[in-house]
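# Remarks on the overall topology
Listed below are the residues making up each chain.
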Amino acid sequence: FKKLLSKYCPLDLFSLDDVRLKRAIEGLIACPNNNLKLFIQGIQIHIGQDDWPTQLYEFFNLNRSSTDFKIQHQNDDITNLLVMLLTHAIFEEQILFKRLKHLQKTLDELDIEGIYKLFLKQQSNLHDPTIDEWQLIVKEYKQRIKVPSVSHLSMNDIQMRQRIYEFLLSTTLKDCSIIFTFQKSCFNDETKVSHETSNIFKEKIKFISFSNDSNDDKIYLKYQVNVIDLDPKPVTKIPYYYELDAIIVNNYIKYENDVTKRCIE
């Protein structure tokens, strides 16, 4: 049993480039692992297993009685619909994805190699911050990124601890989950949708429309997006992140010849 080498790259997902974004989503669908989960009415659909597309036909309003019934049941059709849906939704929420990318990058300027060195120096002075302390750390971070970075070689103890805690924030944001919740809409007129939603819903609900190839009728999906799993990471996990990074690098070197693309950033 040979494990599949995933073609998913987070840098592609956060690039907001149409080609790269679609490639990332296709990679997730082809090899979801624990990075992509799909639920319908609270029941998980295991992508790629047990004829999984059949459970999505009704949701996407595909006509099972049409002459192209077998074609509509092909995995490629469902994959294309999922790619279209998720690509559209991510572009609609590009402010969220840009913000996450910026925070992940600027909170982790030293990478784990640099942070681990600071951790060894400050280990006895570190603790898991309280909510009030996290607020001060975030405030200091906002001030810090406005001025040129200080070399880690010339940091004082306070600056070292600040960078360590910022790194923990970055790991939280790298490990968070983005949940899109889609629901069929009763609207059948795109203009009506845009004009009436602000009066009907107190919160911002967005819509995505699709054409059913069998009869050219459009179906409308309303959706919401939420970010969860934002619990702070404990400072004791820093050695684990250091070891994990070494494992990732070693595996990349091991399978480097099997990689068909290089990361772009």
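Residues numbered from 1 in each chain as written. Predicted model: local features only at pLDDT ≥ 70, side-chain atom pairs only at ≥ 80, totals over all residues. Heavy atoms only, no water.

## So, the overall build of the protein chain
- Along the protein chain, the regular secondary structure elements total ten helices and five strands.
- Within the span of the protein chain, comprising 265 residues, buried residues form 35% of the whole.
- Restricting the contact set of the protein chain to residue pairs at least 6 apart, pairs at least 24 apart contribute 68%. (Helix = DSSP H or I, 4+ residues; strand = E, 2+ residues; numbered from the N terminus. Buried < 20%, exposed > 50% of the residue type's maximum accessible area, 1.4 Å probe, protein only. Contact = heavy atoms within 4.5 Å.)

## Observations regarding the nonpolar core
- Among the nonpolar cores identified, the biggest contains 35 residues, and Leu13, Ile25, Ile29, Trp52 and Ile90 are the most heavily contacted of them.
- Sorting the residues of this core by element identifies α2 (18-30), α4 (75-92), α5 (94-106), β3 (177-184) and β5 (218-228) as the ones contributing at least two each.
- In terms of residue count, the dominant contributor to this core is α4 (eight residues).
- When neighbours within four sequence positions are excluded, Ile25 is seen to be in contact with Leu13, Val83, Leu86, Thr87 and Ile90. (Core = buried A, V, L, I, M, F, W, Y, C linked by side-chain atoms within 4.5 Å.)

## Some details on the packing of helix α6 (residues 111-122) against helix α8 (residues 157-174)
- Packing of α6 against α8 leaves a shortest axis separation of 9 Å and a crossing angle of 130°. Comparing their axes, α8 and α6 come out oblique. Considering the relative orientation of α6 and α8, their crossing is left-handed. Residue-level contacts link Ile112, Ile115, Leu118, Phe119, Lys121 and Gln122 of α6 to Asp157, Met160, Arg161, Arg163, Ile164 and Phe167 of α8.
- Considered class by class, the residues forming the contact of α6 with α8 number seven nonpolar, one polar and four charged. (Axes fitted to C-alpha atoms, helices over the stretch in contact; angles between N-to-C directions. Parallel < 35°, antiparallel > 145°, perpendicular 65-115°, else oblique. Left-handed = near helix turned anticlockwise from the far one by under 90°. Nonpolar A, V, L, I, M, F, W, Y, C, P; charged D, E, K, R; others polar.)

## Section: α8
- When the terminal C-alpha atoms of α8 are compared, their 26 Å separation across 18 residues agrees well with the 26 Å that a helix rising 1.5 Å per residue should span.
- Residues of α8 that are buried include every one of Met160, Gln162, Arg163, Ile164, Tyr165, Glu166, Phe167, Leu168, Ser170, Thr171, Thr172 and Leu173, and no others.
- Tucked inside the fold, the buried residues of α8 contact α5, α6, α7 (131-144) and α10 (238-254).
- Near the N-terminus of α8, the side chain that reaches the backbone nitrogen of Ile158, with its oxygen 3.1 Å away, is that of Asn156. (Expected span 1.5 Å × (residues − 1). Polar contact = N/O pair within 3.5 Å; in protein donor to acceptor, adjacent residues only side chain to side chain.)

## Structural notes on the environment of Arg161
- Structurally, Arg161 can be placed in helix α8.
- A relative accessible area of 22% means that Arg161 is categorised as partly exposed.
- For Arg161 and Leu126, which are 35 residues apart along the polypeptide, the C-alpha to C-alpha distance reads 7.2 Å.
- When near neighbours in sequence (up to four residues on either side) are disregarded, Arg161 contacts Gln122, Asn125 and Leu126.

## Section: the packing of aromatic side chains
- All chains considered together, the criterion is met by nine aromatic pairs.
- Between the aromatic rings of Phe14 and Phe97, the centroid separation amounts to 5.5 Å while the plane-to-plane angle is 50°, which identifies the pairing as tilted. Of this pair, Phe14 sits in the loop between α1 (10-13) and α2 while Phe97 is found in helix α5, placing the two residues 83 residues apart along the sequence. Neither Phe14 nor Phe97 differs from the other in exposure class; each is buried.
- Of the aromatic side chains, those joined through ring pairs into one cluster are Tyr116, Phe119 and Tyr242. (Phe/Tyr/Trp six-rings, centres within 6.5 Å; stacked < 30°, edge-to-face > 60°.)

## Overview of unusual backbone geometry
- Of note in this structure, Leu16 is not a glycine but carries a positive phi near 60°.
- Examined against the element boundaries, Leu16 turns out to sit in the loop between α1 and α2.
- On the basis of relative accessibility, which here comes to 16%, the residue Leu16 falls in the buried class.
- Backbone geometry at Asn33 places phi at a positive 45°, although glycine is not the residue there.
- When you line up the elements, Asn33 lands in the loop between α2 and β1 (38-40).

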